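Understanding the architecture of this molecule
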Amino acid sequence: MNLAVRELSVPVVRAFAWTAREKESEVIRRRRALRRFDNELEKGNYKAAHSHMKQLQHDPRGLLGFGSVKLVVPKRIAAQELQMDNSASFESLADSILRSIKHSIEFALLDEEVLLTGIEDDMGSESYDSPYEDHQMCLQHEAGHFLVGYFVGVLPRSYQVPSVEDIIQDKFAQGNVQFLGFEFLKQVDIDTISSNKFTQGKLKSKEIRAKISSRTLNKFLCVILGGLAAEYLVFGYSELLHSDVQQLDRVLRWLCFNENEADSVVRWAVITTLSLLSHHHEARSRLAEAMNSRRSIGYCIDAIESAL
């Protein structure tokens with residue numbers, strides 16, 4: 001009886017061994033490809049680097065995560081539709097982020113003196129965070145941008161996360177993630193926004209919105225909010241650094257969104273981004289470790305893929 005079991009087990013063991021070897025081979029192939037991708041980035045050959053990643057994306061054994069999230073804006077936006085384990089607390093978290101965005105925009109519209117006073121009053125208790133805590137928050141923030149961009153198919157080309165020593169020397173030191181794509185942002189920076197209120201001219205709205213596809217806009221909304229969403233998921237609050245929100249606000253004004261339109265798409269983007277990051281917490285954790293060690297973009301991508 002035992003002999004029969006052993007005989008039947010041999011093919012199974014061989015199958016497992018073969019599967020393990022196949023998986024190991026796929027990992028080796030992926031890492032070699034990502035090293036070539038890194039080489040193209042280092043040379044500044046962004047078009048070649050992007051083309052290389054597209055080939056990996058379409059390879060069945062290539063990349064599982066890159067561009068795997070397809071963004072669709074529903075007519076009705078609610079956290080319950082995203083099948084979260086605790087939709088009530090998730091909805092509350094989304095509301096907190098939306099309030100932070102509105103407060104940040106309000107501060108940006110005030111004159112400099114009122115702006116500084118408002119930040120000091122609202123964030124006085126957070127100004128005593130240690131450099132280590134500030135570093136961790138910045139790290140999670142940039143990892144949020146990176147991960148969301150990767151999943152929606154926008155390729156990071158560089159990133160920067162200040163070290164604890166950097167923050168000790170400059171408490172306002174910030175990180176960033178640069179992406180391949182979002183060329184429309186150059187036009188946003190060039191165009192002059194003359195009004196602080198949302199423009200409602202229909203002709204102007206159609207003309208400007210024709211310059212950017214809804215697909216690109218949806219990706220941008222999620223990526224720009226990825227840092228803020230990551231902070232709330234990990235720490236339960238944000239330091240309310242305004243650069244991301246200000247860029248978001250500039251884009252929505254450039255597109256002539258009225259307040260109702262802006263509120264709707266931002267709410268969708270917040271809920272979608274929170275859902276994505278919460279479902280991929282292991283990938284976010286591994287990515288943050290890689291970024292903390294200042295690894296290459298390719299290494300960071302491999303860290304994400306290894307968690308999927």
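Here, every reference points to the structure presented above.
Structure report, in brief.

1. Examining the overall build of the protein chain
Counting secondary structure elements, the protein chain contains 13 helices and two strands. Intrachain contacts of the protein chain at a sequence separation of at least 6 include 79% that bridge at least 24 residues. For the protein chain, the exposed surface amounts to about 17700 Å²; the carbon and sulfur share of it is 51%.

2. A word on helix H13 (residues 297-306)
Since the α-helix advances by 3.6 residues per turn, residues separated by three or four positions end up pointing in the same direction. Of all 10 residues in H13, eight are buried; the element is thus mostly enclosed. The complete set of buried residues in H13 reads Ile297, Gly298, Cys300, Ile301, Asp302, Ala303, Ile304 and Glu305.

3. Concerning the pattern of salt bridges
The final tally for this structure, using the stated rule, is eight salt bridges. Of the charged contacts in the structure, one is a salt bridge between Arg294 and Asp166, with a shortest N-O distance of 3.3 Å. Separated by 128 residues along the polypeptide, Arg294 in the loop between helix H12 (281-292) and H13 and Asp166 in helix H6 (residues 164-169) bring together distant segments of the chain. The exposure class of Arg294 is exposed, given its relative accessible area of 53%. It is possible to trace a salt-bridge network through shared partners that takes in Arg30, Arg31 and Asp302.

4. A word on unusual backbone geometry
Notably, Phe182 is not glycine yet its phi reads approximately 60 degrees, a positive angle. With respect to the helices and strands, Phe182 occurs in the loop between strand S2 (176-180) and helix H7 (184-190). A positive phi is found at Arg294, a non-glycine position, where the angle reads about 60 degrees.

5. What to know about the nonpolar core
By size, the foremost hydrophobic cluster in this structure holds 76 residues, and its most contacted members are Met53, Phe146, Phe220, Met291 and Ile301. In terms of domain composition, this core takes at least three residues from each of domain 1 (29-63) and domain 2 (86-116 + 131-306). The contact partners of Ile301, leaving out residues within four places of it in the chain, are Leu34, Phe37, Met53, Leu63, Phe146, Tyr150 and Leu155.

6. Looking at the side chain of Asp249
Along the chain, Asp249 turns up in helix H10 (residues 243-254). Taking relative accessible area as the criterion, Asp249 reaches 10% and is therefore assigned buried. Side chain to side chain, Asp249 and Arg253 meet in a polar contact 2.8 Å long.

7. Observations regarding the side chain of His145
Tracing the backbone through its elements, the reader meets His145 in helix H5 (residues 131-152). Here the side chain of His145 touches Asp244 through a polar contact of 2.9 Å, side chain to side chain.

8. As for the packing of aromatic side chains
The final tally for this structure, using the stated rule, is eight aromatic pairs. With 6.2 Å between their ring centres and 80 degrees between their planes, Phe182 and Phe184 make a pair best called edge-to-face. Residue classification places Phe184 among the buried residues on the basis of a relative accessible area of 10%. On the basis of an interplanar angle of 20 degrees and a centroid distance of 6.1 Å, the ring pair of Phe184 and Trp254 is categorised as stacked. Of this pair, Phe184 sits in helix H7 while Trp254 sits in helix H10, and the two are 70 residues apart along the sequence. Residues Phe184 and Trp254 agree in their burial class; the two are buried. Here the aromatic cluster, defined as three or more aromatic residues joined through ring pairs, consists of Phe179, Phe182, Phe184, Phe220 and Trp254. Across the ring face of Tyr299, the terminal group of Arg295 is positioned such that the distance to the ring centre comes to 4.4 Å.

The rules behind each value
- Residues numbered from 1 in each chain as written.
- Predicted model: local features only at pLDDT ≥ 70, side-chain atom pairs only at ≥ 80, totals over all residues.
- Heavy atoms only, no water.
- Helix = DSSP H or I, 4+ residues; strand = E, 2+ residues; numbered from the N terminus.
- Contact = heavy atoms within 4.5 Å.
- Areas by Shrake-Rupley, 256 points an atom, 1.4 Å probe, with all protein chains shown as cover.
- Buried < 20%, exposed > 50% of the residue type's maximum accessible area, 1.4 Å probe, protein only.
- Salt bridge = Lys/Arg side-chain N within 4 Å of Asp/Glu carboxyl O.
- Core = buried A, V, L, I, M, F, W, Y, C linked by side-chain atoms within 4.5 Å.
- Domains from an automatic or database assignment.
- Polar contact = N/O pair within 3.5 Å; in protein donor to acceptor, adjacent residues only side chain to side chain.
- Phe/Tyr/Trp six-rings, centres within 6.5 Å; stacked < 30°, edge-to-face > 60°.
- Lys NZ or Arg CZ within 6 Å of the ring centre and 35° of its normal.

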